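# Breakdown of the fold
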2 protein chains.
Amino acid sequence: MKELEREILLSFWKVHILHHAESHPVFGQWVIRELRRHGYEVSPGTLYPLLARMQERGWLKLKVDASAGLRARKEYSLTKKGRKVLEVLRGQVEELYREVVLGEEEDKETQGTA
Amino acid sequence: MKELEREILLSFWKVHILHHAESHPVFGQWVIRELRRHGYEVSPGTLYPLLARMQERGWLKLKVDASAGLRARKEYSLTKKGRKVLEVLRGQVEELYREVVLGEEEDKETQGTA
DNA sequence: ATTGTCGACTACGGTAACCGTAATTGGAGG
DNA sequence: CCTCCAATTACGGTTACCGTAGTCGACAAT
């Protein structure tokens, strides 16, 4: 199911990351361990750029434990902007859950193929 | 919120697509209209390769309305393999919903930074 | 002081996905 | 014919993803 992870599940994990970053700082190795604990492998080459990107976008803010060297742990926590993003995501997750898992229909207008 | 759509929401739509393809065939323009109806724009350059990819992976099967030309509508419906993928996704969506929206904690072991 | 190991991040080169815009095709109306 | 409309295709540029190998500092053992 490697394709599935890349195509879709990785995005789910991104939501998890933001969610966790809301309550406590997260860092690369922690995420990697966390996912492994759930049976998934994500490589550094995927994860670190991902965290950096979220920081660039202003969703996460970085705090390096100063007094440690160049390879020191980088801790990311949610910014105000990140919180807004997370709000939107929560709404979307709920919508997805209702429709795809519970099977609730939305309004339905343009329904069907014909 | 363009970044958010590309980074995360597109994957949610992929799940929607599989879900819909379970109950009736879907095709490119329909998906585009459906998403627009919900306030999102996805361009052909993104969507068509995406559907083709899902077909290559065996999640969707294609049926073109024969007797129509080269640009005829391409209808995709869920395969058996696609149904399995969708099952996995439903589980993951539920998990995501429980944790991120409802705030339920999983086991928690490796919790925290310290 | 030297060596070893471990926890973390960095570098990097190749592949795949995403994006918008423009082009193409066939059918239906006028 | 000519035009318009519904659909898909083509394509070139940008961004994301991947695995593997490299680097650096701290700490322990000898």
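A few points on the structure. Residue positions are given per chain, counting from 1 as you read along its sequence in written order. Here chains are named by letter from A upward and ligands by number from 1 upward, in the order in which they appear as written. Per-residue local features are limited, in this predicted model, to residues with pLDDT of at least 70; the limit for side-chain atom pairs, both in listing and counting, is 80 or more; totals at the level of whole chains, interfaces and linings are taken over all residues. Values shown for side chains rest on all heavy atoms present in the structure; no hydrogens or waters enter the calculation.

Before going further, it helps to examine a positive patch on the surface. Residue and element names in this part refer to chain A. Taken together, the side chains of Lys-61, Lys-80, Lys-81 and Lys-84 present a region of like positive charge at the surface. Considering every element that reaches the positive patch, the biggest residue donor is helix H4 (residues 80-102), with 3 residues. Only runs of H or I of at least four residues qualify as helices and only runs of E of at least two qualify as strands under DSSP, and these elements are numbered from the N terminus. Looking at where Lys-61 falls in the secondary structure, it is placed in strand S1 (residues 60-64). Within this analysis, patches are made of residues with over 30% relative accessible area and no salt bridge. Like charges are joined at 9 Å or less; nonpolar side chains (Val, Leu, Ile, Met, Phe, Trp, Tyr) at 5 Å or less. The method behind every accessible area is Shrake-Rupley, applied with a 1.4 Å probe, and residues are considered shielded solely by the protein chains displayed. Each reported salt bridge corresponds to a side-chain nitrogen of Lys or Arg within 4 Å of a carboxyl oxygen of Asp or Glu. We treat Lys and Arg as the positive residues and Asp and Glu as the negative residues; His and chain ends play no part in the count. Here the site of a charge means atom NZ of a Lys, CZ of an Arg, CG of an Asp or CD of a Glu.

Note on terminology: near, applied to a residue and a molecule or strand, indicates that one of the residue's heavy atoms is within 4 Å of it. Neighbouring residues of DNA strand D: 24 residues in total, closest Arg-53 and Arg-57 of chain A together with Gln-29, Tyr-48 and Arg-73 of chain B. Listed by contribution, the elements that provide at least two residues to the surface near DNA strand D are helix H1 (2-23) and helix H3 (44-56) of chain A together with helix H2 (28-37) and helix H3 (44-56) of chain B. For this scheme, ten residues count as nonpolar: Ala, Val, Leu, Ile, Met, Phe, Trp, Tyr, Cys and Pro. Four count as charged, namely Asp, Glu, Lys and Arg, and the remainder, Gly too, count as polar. Class assignment for the residues of the surface near DNA strand D results in 6 nonpolar, 7 polar and 11 charged.

For the rest of this paragraph, the subject is the packing of H1 of chain A against helix H1 (residues 2-23) of chain B. The packing of two helices is summarised by the inter-axis angle and the distance between the axes. Fitted lines through C-alpha atoms give the axes, limited to the stretch in contact for helices. The angle between two N-to-C directions lies from 0 to 180 degrees. With their axes 8 Å apart at the nearest point, H1 of chain A and H1 of chain B run at an angle of 130 degrees to one another. As judged from the angle between their axes, H1 of chain A and H1 of chain B are oblique. At the point where H1 of chain A passes H1 of chain B, the crossing takes the left-handed sense. Contacts between H1 of chain A and H1 of chain B involve Glu-7, Ile-8, Ser-11, Phe-12, Lys-14, Val-15 and Leu-18 of chain A from the former and Glu-7, Ile-8, Ser-11, Phe-12, Lys-14 and Val-15 of chain B from the latter. Residues of the contact of H1 of chain A with H1 of chain B, tallied by class, amount to 7 nonpolar, 2 polar and 4 charged. For this classification, under 35 degrees means roughly parallel, over 145 means roughly antiparallel, 65 to 115 means roughly perpendicular, and everything else is oblique. Put simply, a crossing is left-handed when the front helix is turned counterclockwise from the back one by less than a right angle, and right-handed when it is turned clockwise. Residue contacts are counted whenever heavy atoms from the two residues lie within 4.5 Å of one another.

A few words on the layout of surface pockets. In this analysis the probe radius is 1.4 Å and the grid spacing 1 Å, with only protein atoms considered; a cavity is a set of points the probe fits into but cannot get out of, a pocket is an open set with protein on both sides within 12 Å along at least five of seven lines, and lining residues have an atom within 4 Å of a point. Grid points are joined across faces, edges and corners, and a volume is the space filled by probe spheres set on the points. By volume, the largest pocket is sized at about 700 Å³. If you go around the largest pocket, you meet 24 residues; those closest to its centre are Glu-5, Arg-6, Glu-7, Leu-10 and Lys-14 of chain A. When contributions to the lining of the largest pocket are tallied by element, the ones reaching two or more residues are H1 and H3 of chain A together with H1 of chain B. With 10 residues, H1 of chain A is the largest single contributor of residues to the lining of the largest pocket.

Turning our attention to the nonpolar core. Among the nonpolar cores identified, the biggest contains 66 residues, and Phe-12 and Leu-18 of chain A together with Phe-12 and Leu-18 of chain B are the most heavily contacted of them. Discounting chain neighbours no more than four positions away, the residues touching Leu-18 of chain B are Met-54, Trp-59, Leu-60, Leu-78, Val-85, Leu-86 and Leu-89 of chain B. Each nonpolar core is a collection of buried residues, namely Ala, Val, Leu, Ile, Met, Phe, Trp, Tyr and Cys, held together in the definition by side-chain atoms within 4.5 Å. With a 1.4 Å probe rolled over the protein chains alone, any residue whose accessible area is under 20% of its type maximum counts as buried; one over 50% counts as exposed, and the rest are partly exposed.

Bringing the relation of the copies chain A and chain B into the picture now. Least-squares superposition of the copies uses the C-alpha atoms of those residues scoring a pLDDT of at least 70 in each of them. The two copies are related by a screw motion: chain A maps onto chain B through a turn of 180 degrees and a shift of 0.0 Å along the axis, at an RMSD of 0.0 Å. Viewed as a symmetry operation, the transformation between the two copies matches a two-fold axis. A shared interface surface links the copies, since 98% of the contact residues of chain A are contact residues in chain B too.

Let us look at the pattern of salt bridges. Counted by the stated rule, this structure contains 22 salt bridges over all chains. A salt bridge links Glu-22 of chain A to Arg-90 of chain A, with the nearest nitrogen and oxygen atoms 2.8 Å apart. Pair noted here: Glu-22 of chain A is in helix H1 and Arg-90 of chain A is in helix H4, with a separation of 68 residues, a long-range link. In this structure, Arg-73 of chain B engages Glu-75 of chain B in a salt bridge whose closest nitrogen and oxygen atoms are separated by 3.9 Å. Salt bridges here are not isolated pairs; linked through shared partners, they connect Glu-3 and Glu-7 of chain A together with Lys-14, Arg-53 and Arg-57 of chain B.

This part covers the protein's contact with DNA strand C. DNA strand C sits among 24 residues. The nearest are Tyr-48 and Arg-73 of chain A together with Thr-46, Arg-53 and Arg-57 of chain B. When the atoms of DNA strand C within 4 Å of the protein are sorted by group, sugar and phosphate make up 73%. Whenever two N or O atoms come within 3.5 Å, that pair is a polar contact, provided that in protein one can donate a hydrogen and the other can accept it, and provided that, for residues adjacent in sequence, both atoms are side-chain atoms. Between a phosphate oxygen of DNA strand C and a side-chain N or O atom of Tyr-48 of chain A, the distance comes to 2.4 Å. Here a phosphate oxygen of DNA strand C and a side-chain polar atom of Arg-53 of chain B are 2.4 Å apart. Elements represented by at least two residues in the surface near DNA strand C include exactly helix H2 (28-37) and H3 of chain A together with H1 and H3 of chain B. Split by residue class, the surface near DNA strand C holds 7 nonpolar, 6 polar and 11 charged.

Another point: the interface of chain A and chain B. The interface is formed by 50 residues belonging to chain A together with 49 residues belonging to chain B. Reported buried area values correspond to the accessible surface (1.4 Å probe) lost by two parts on association, with both partners' losses combined. Taking both partners together, chain A and chain B bury about 5,000 Å²; carbon and sulfur atoms supply 58% of that area. The shortest N-O distance in the salt bridge between Glu-7 of chain B and Arg-57 of chain A comes to 2.3 Å. Here chain A and chain B share 19 residue pairs in polar contact (both at pLDDT 80 or more) between them. Within the residue set of the side of chain A that touches chain B, elements represented by two or more residues are H1, H2 and H4 of chain A. Tallying contributions element by element places H4 of chain A first for the side of chain A that touches chain B, with 14 residues.

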